[in-house]
Amino acid sequence: MKLIFVTDLHGSKWKYDRILKLAKELEVDAVLNSGDLLPKGVTQAQQEEFISGYLHNYFEQFESAGIYYIYYPGNDDPARFDPLFEKITNKYSFIIDIAQRKVELAGYEFVGMNWVVDYPFRIKDRCRMDTADYEFQEQYGKGILSDEYGWVEIDDWLSYAGTLPTIEDELEKLVKPDNFSKSVYLLHMPPAYLGLDNCGIGINIGSKAIYNFLKKNQPMFSVHGHIHESPRVSGNWYAGLGDTVCIQPGQLEDLTYVTIDLSTKAFRRFEEKKMRAILDLEGKIEWEGDLDEMRAI
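Computed from a predicted structure; not experimentally measured.

**Considerations on helix H6 (residues 208-217)**
Within H6 the residues assigned to the buried category are Ala-209, Ile-210, Tyr-211, Phe-213, Leu-214 and Asn-217. Sitting at the amino-terminal end of H6 is Ser-207, which places a side-chain oxygen 3.2 Å from the backbone nitrogen of Ala-209. Of the residues trailing H6, Gln-218 is marked for its positive phi of about 55°.

**Notes on the sheet that holds strand S15 (residues 255-261)**
Spatially, six strands are ordered S4-S3-S2-S1-S15-S16 in an open sheet, and the strand pairing comes out mixed. Looking at the sheet topology across the chains shown, the edges are occupied by strand S4 (95-97) and strand S16 (266-272). Adjacent strand axes in the sheet meet at a mean angle of 20°, parallel and antiparallel pairs treated alike. As paired elements, strand S1 (residues 2-6) and S15 share four bridges and run antiparallel to each other. Residue Ile-4 lies in a different strand from S15, and its bridge partner there is Thr-259. On top of the sheet, helix H3 (residues 82-89) reaches strand S3 (68-71) and S4; it is set at about 150° to S4, its chief contact.

**Things to note about the environment of Arg-269**
Inspection of the secondary structure assignment puts Arg-269 in strand S16. On a C-alpha basis, the gap between Arg-269 and Cys-127 in space is 28 Å, while along the polypeptide they are 142 residues apart. In this structure, Arg-269 is in contact with Pro-231, Trp-237, Pro-249, Thr-256, Tyr-257 and Val-258, ignoring residues within four places of it in sequence. A polar contact of 2.8 Å, which involves the side chain of Arg-269, links it to the side chain of Glu-271.

Basis of the calculations
- Residues numbered from 1 in each chain as written.
- Predicted model: local features only at pLDDT ≥ 70, side-chain atom pairs only at ≥ 80, totals over all residues.
- Heavy atoms only, no water.
- Buried < 20%, exposed > 50% of the residue type's maximum accessible area, 1.4 Å probe, protein only.
- Helix = DSSP H or I, 4+ residues; strand = E, 2+ residues; numbered from the N terminus.
- Polar contact = N/O pair within 3.5 Å; in protein donor to acceptor, adjacent residues only side chain to side chain.
- Pairing = 2+ DSSP bridges.
- Axes fitted to C-alpha atoms, helices over the stretch in contact; angles between N-to-C directions.
- Contact = heavy atoms within 4.5 Å.

Structure, rendered in structure tokens:
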């Protein structure tokens, strides 16, 4: 089974369009998207329009091509839109919202979880304490949660978060695969200790609970996002954890994605410059052999 994995596109249409084109050209069976789907720095009305307009049409194209699109909303995607995502997703056979769910395709099992370890930023829809003894970072103001009217402030986020299940709890609640050795976990939050969680300010913020879960259960692959700059900071975009390969490709100004062949366990990371990708989408580039080789026409 051949896959493309991408994460943290944040509403970048040229990146979305390029992944669709690649999925068709490479004849992959599925695209995995590990969240943070929507544009940032815009109104919720504009985000809703992006879902109902652009993403709805985008999903239709994957459905028509017979290519699975497995995704979930990330921590920057307001939870108030989850019912809209669900409504649109349910129209299709090849579009799967895998948040806190499991799906089996071609003998492989995919399990998703989009909770993240709490951070200083205000949007808290997907935030959890990592473990029961988690120490909070200094906060940048009051926490906010999305609702049907916009945002609601939480006066005492630290106390409120203490009433919620931890990441450790959430992992144990997930539906287990029948065979971990043929499973792929989509976890927006990266694990601790593996160099996949390095922030630009020089700290590591990965989840100890996720690390322990993967070490114990040993899925074939785990794929992560969330910390866009980590590969540039640490120099690491994948790591081995026993028999598990953990992948965190990052996502900055260029398009970054990973191809994975589950039958051979081969995987490779690509970075494409914006202009190169746009020229390709406009039909002004021809590919010669490997994806790294091209010439202008």
